[in-house]
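Observations on chain architecture
Below, each chain spelled out in residue letters.
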Amino acid sequence: MNQESVLRSLALAVLLLAPVRARAFTPQDVGKAQKPDVVGPRPVAVPDPEGEALTNEFGSKAKQWNERRMLLSRGGKTPDPRELGAHPALEFKARFQALLEKGSGWAQVWWIDNLSYLVPENDPAGRKRAFLENYDKLVERNASQQYMMFVLGNVRAHRELLGAATIDDMLARLIAASTNPEIQARAAHMRAAFHAPRDPAADPERQEETMEMHRVVVATWPKTLAAQESAGALLPLVEAEFERTLREWITAVLKLHTQSVPPEDWPTPPIESIQPQMLQLARAGLPGAVRWNNRFYNSYKSSEAQGRGPLLAHLANALGTSYPVGNAQIADVRMGIVEILLRAYPNEAFVERLLDGLIEDTTDIDASLAERAFAPLLESQDAHRRAIGCHLIARVYLQALDWPTALKALEWSERLARTAPDDGLVAPTKMGCEPILKLLPGQPGPDFAVVDLEKQPFHLSDYKGQVVLLVFYNSFLDQGFADVPLWREFQARNAQRPFTVLGVNAGTAEPEAFRSKAAKLGIAWRNGLLCLGSADALNLWCVRKFPAVVVLDADGIIRGRDLPWAETKALLEAELTKREAQKR
């Protein structure tokens, strides 16, 4: 792990995990927390060798106590207080109290850091008073010392005790008193975080105030970790604006094209309007913004000299899977640019290269937008271009998350075979649809092996002779359980008939975790856990969205999948009646 990663991890631990004290604060921690590239004046250390030495001594004792506590806690046991002993903070309390009276900054930090051991929990007023007294003294004399970063972590940990108004005042005073940019930036970032509304959509005015506070952090202390975190809060806003302006630009350009306005008279893509904002986020060290500027923006600028058409083709490629920010909506915008290119430059070589790339990679393309974007191909007089359009749309539908949408891939594969039967894309399109073809009603259900909650293996084929309702869900994502009461009621009503429900859970590594969830939901049927057996079941059944619900007849033949419950229920009843008639 490099130095930057260590610093980042330490700062996050201080700010996010402060309520769970794994070990004592020590002077060595201050050195680790000091970021090497801080701008501005360095803090001038206030001499306090006695306080530093006592903090080191306490840290050693506290480390031993924590190690003993962890050892006694093995297996989830609660340590015996008599065996564990009191926390060393009580032993050192008098010695640090003496240093407090001398104005020791180390003692003040120590007192705040160990407040939960020093002041009883049933005395919140006493805790708050002790916190504020020591904090005020630190701000007065030591506002620029690096150990104030640990004090800020404790401010976060005692948020409920101190109250929002008090904390805001505390942070404002620290920002004004400190000359350490890391501390100023961290305090300002915390002010923004505490100011944020619980529901941004319900309080847009407060949300905008919060974002403006983050902008101040980024602009004022750009070389700090806190500025990078504030930049992370701002990035979604900048990306949303980029996406919105691109959509508006696409709408305007398509309209101009229908009015026969030549491309050289179109407005330029709104890249330049976003770049200054991205540049500021990049200067704060935000990786996504750095990549946006260095990779995306620079390559865009270098393509400008090639002309409008090649520039748009470059933009369509750059907004694909290599787009550096990870905005899922950008893939939709990309399809709008593809449509512009297919309408305005249908026969250009750069468009052919773009199509070749899309044939290789249709990841993240929305199916409904694909049909619109590739419509110019379908309208072409050239059979191969129509084949390309059908192939691309079929591939997009094959990546769909739900089964009814995936079935549309078959329709486009068949359309391709009808419109261009001799085209080279017919075979790969049909091959891509083969997994869907194997799961159509009338096909035998693919067998698979899984392990149940008792760690006993079983196969789907073990249940031939019974009508099966096969359901896939995912407890890790908490998806696919909404219809459990319907399945449970049907199972109970048909307990004496040749019927079973079989569950396959894709999301729990430990049987006990799923057992608890199943008990709460009233799931009494047998369940396979993919993590304890083969994960082939999801692939064999093309399960990408939960729940996936399949009806199998007594011979293991697929009769229906992902239908509305009324249709599923009627299908089950029909298959049960047929099976009972066969047995008579």
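Residues numbered from 1 in each chain as written. Predicted model: local features only at pLDDT ≥ 70, side-chain atom pairs only at ≥ 80, totals over all residues. Heavy atoms only, no water.

**Here we look at the pattern of salt bridges**
Applying the stated criterion to the full structure yields 31 salt bridges. Residue Glu-580 is joined to Arg-497 by a salt bridge in which the shortest nitrogen-to-oxygen separation is 2.8 Å. Of this pair, Glu-580 sits in helix 28 (residues 565-583) while Arg-497 sits in the loop between helix 25 (484-493) and strand 4 (499-505); the two residues are 83 residues apart in sequence, bridging distant segments of the chain. Note on Arg-497: relative accessible area 22%, which makes it partly exposed. A salt bridge links Arg-559 to Glu-575; the shortest N-O distance between them is 3.9 Å. In this pair, Arg-559 sits in strand 7 (residues 558-561) while Glu-575 sits in helix 28, placing the two residues 16 residues apart along the sequence. Judged by relative accessible area, Arg-559 falls into the partly exposed class, the value being 31%. Each of the salt bridges in this network shares a partner with another, and the network as a whole consists of Glu-489, Arg-493, Arg-497, Glu-573 and Glu-580. (Salt bridge = Lys/Arg side-chain N within 4 Å of Asp/Glu carboxyl O. Helix = DSSP H or I, 4+ residues; strand = E, 2+ residues; numbered from the N terminus. Buried < 20%, exposed > 50% of the residue type's maximum accessible area, 1.4 Å probe, protein only.)

**Comments concerning the packing of helix 19 (residues 349-360) against helix 22 (residues 383-398)**
Direction vectors running N to C along helix 19 and helix 22 enclose 35°, while the axes themselves pass 10 Å from each other. The way helix 19 lies across helix 22 gives a crossing that is left-handed. Of helix 22, the residues touching helix 19 (which contributes Val-351, Glu-352, Leu-355, Leu-358, Ile-359 and Glu-360) are Arg-385, Ile-388, His-391, Leu-392 and Arg-395. The residue inventory of the contact of helix 19 with helix 22, partitioned by class, reads 6 nonpolar, 1 polar and 4 charged. (Axes fitted to C-alpha atoms, helices over the stretch in contact; angles between N-to-C directions. Left-handed = near helix turned anticlockwise from the far one by under 90°. Contact = heavy atoms within 4.5 Å. Nonpolar A, V, L, I, M, F, W, Y, C, P; charged D, E, K, R; others polar.)

**Description of the sheet that holds strand 7**
Pairing is mixed in the open sheet, where 7 strands are placed in the order 2-1-5-4-3-6-7. Edge strands, defined here as strands with exactly one partner in the open sheet, are strand 2 (457-459) and strand 7. Put simply, the sheet's adjacent strands are angled 30° from each other on average, direction ignored. Pairing geometry for strand 3 (residues 467-473) and strand 6 (residues 548-552), over 5 bridges, is antiparallel. By the bridge assignment, Leu-469 is partnered in strand 6 with Val-551. Seen against the sheet, helix 25 touches strand 3, strand 4 and strand 6 and runs at an angle of roughly 150° to strand 4. (Pairing = 2+ DSSP bridges.)

**Some details on the pairing of strand 4**
Where burial is concerned, most of strand 4 is hidden: 7 out of the 7 residues are buried. Side chains Phe-499, Val-501, Gly-503 and Asn-505 of strand 4 all project onto a buried face; the interleaved residues Thr-500, Leu-502 and Val-504 project onto the opposite face, where all are buried too. Taken together, the 7 bridges between strand 3 and strand 4 define a ladder with parallel strand orientation. Bridge pairing in strand 4 links Tyr-473 to Asn-505.

**Details of a negative patch on the surface**
Taken together, the side chains of Asp-199, Asp-203, Glu-205 and Glu-209 define an acidic patch exposed on the protein surface. Structurally, Glu-205 can be placed in helix 13 (residues 204-220). (Patch = residues over 30% accessible without salt bridge, like charges linked within 9 Å, V, L, I, M, F, W, Y side chains within 5 Å. Areas by Shrake-Rupley, 256 points an atom, 1.4 Å probe, with all protein chains shown as cover. Lys, Arg positive; Asp, Glu negative; His and termini not counted. Charge placed at Lys NZ, Arg CZ, Asp CG, Glu CD.)

**Things to note about the nonpolar core**
Ranked by internal contacts, the top residues of the largest apolar core, which has 143 residues, are Leu-470, Phe-472 and Trp-541. Element by element, the count of residues in this core is highest for helix 14 (residues 225-258), at 12 residues. In this view, Phe-472 contacts Phe-448, Val-504, Ala-537, Leu-538, Trp-541, Val-543, Phe-546, Pro-547 and Ala-548; residues no more than four positions away in its chain are not counted. Formed by 21 residues, the second largest nonpolar core is a distinct cluster that contains Val-467, Val-484, Phe-490 and Ile-523. (Core = buried A, V, L, I, M, F, W, Y, C linked by side-chain atoms within 4.5 Å.)

**Side note on unusual backbone geometry**
Omega for the peptide link from Phe-546 to Pro-547 comes to 0°, which places this bond in the cis form. Checked against the element boundaries, Pro-547 lands in the loop between helix 27 (536-540) and strand 6. In this model, Ser-260 sits at a positive phi of 65°, which is unusual for a non-glycine residue. Mapped onto the elements of the fold, Ser-260 is located in the loop between helix 14 and helix 15 (275-283). One non-glycine residue, Asp-562, lies in positive phi territory at about 50°. For Asp-562, the location among the structural elements is in the loop between strand 7 and helix 28. Residue Asp-562 is classed as partly exposed on the basis of its relative accessible area of 24%.

**With respect to helix 12 (residues 181-195)**
Helix length check: helix 12 (15 residues) gives 21 Å between terminal C-alpha atoms against 21 Å at 1.5 Å per residue, within 8%. For helix 12, a buried count of 13 out of 15 residues is recorded, marking the element as mostly surrounded by other parts of the structure. Measuring from the backbone nitrogen of Glu-182 back to the side-chain oxygen at the start of helix 12 gives 3.0 Å, which picks out Asn-180 as the cap. (Expected span 1.5 Å × (residues − 1). Polar contact = N/O pair within 3.5 Å; in protein donor to acceptor, adjacent residues only side chain to side chain.)

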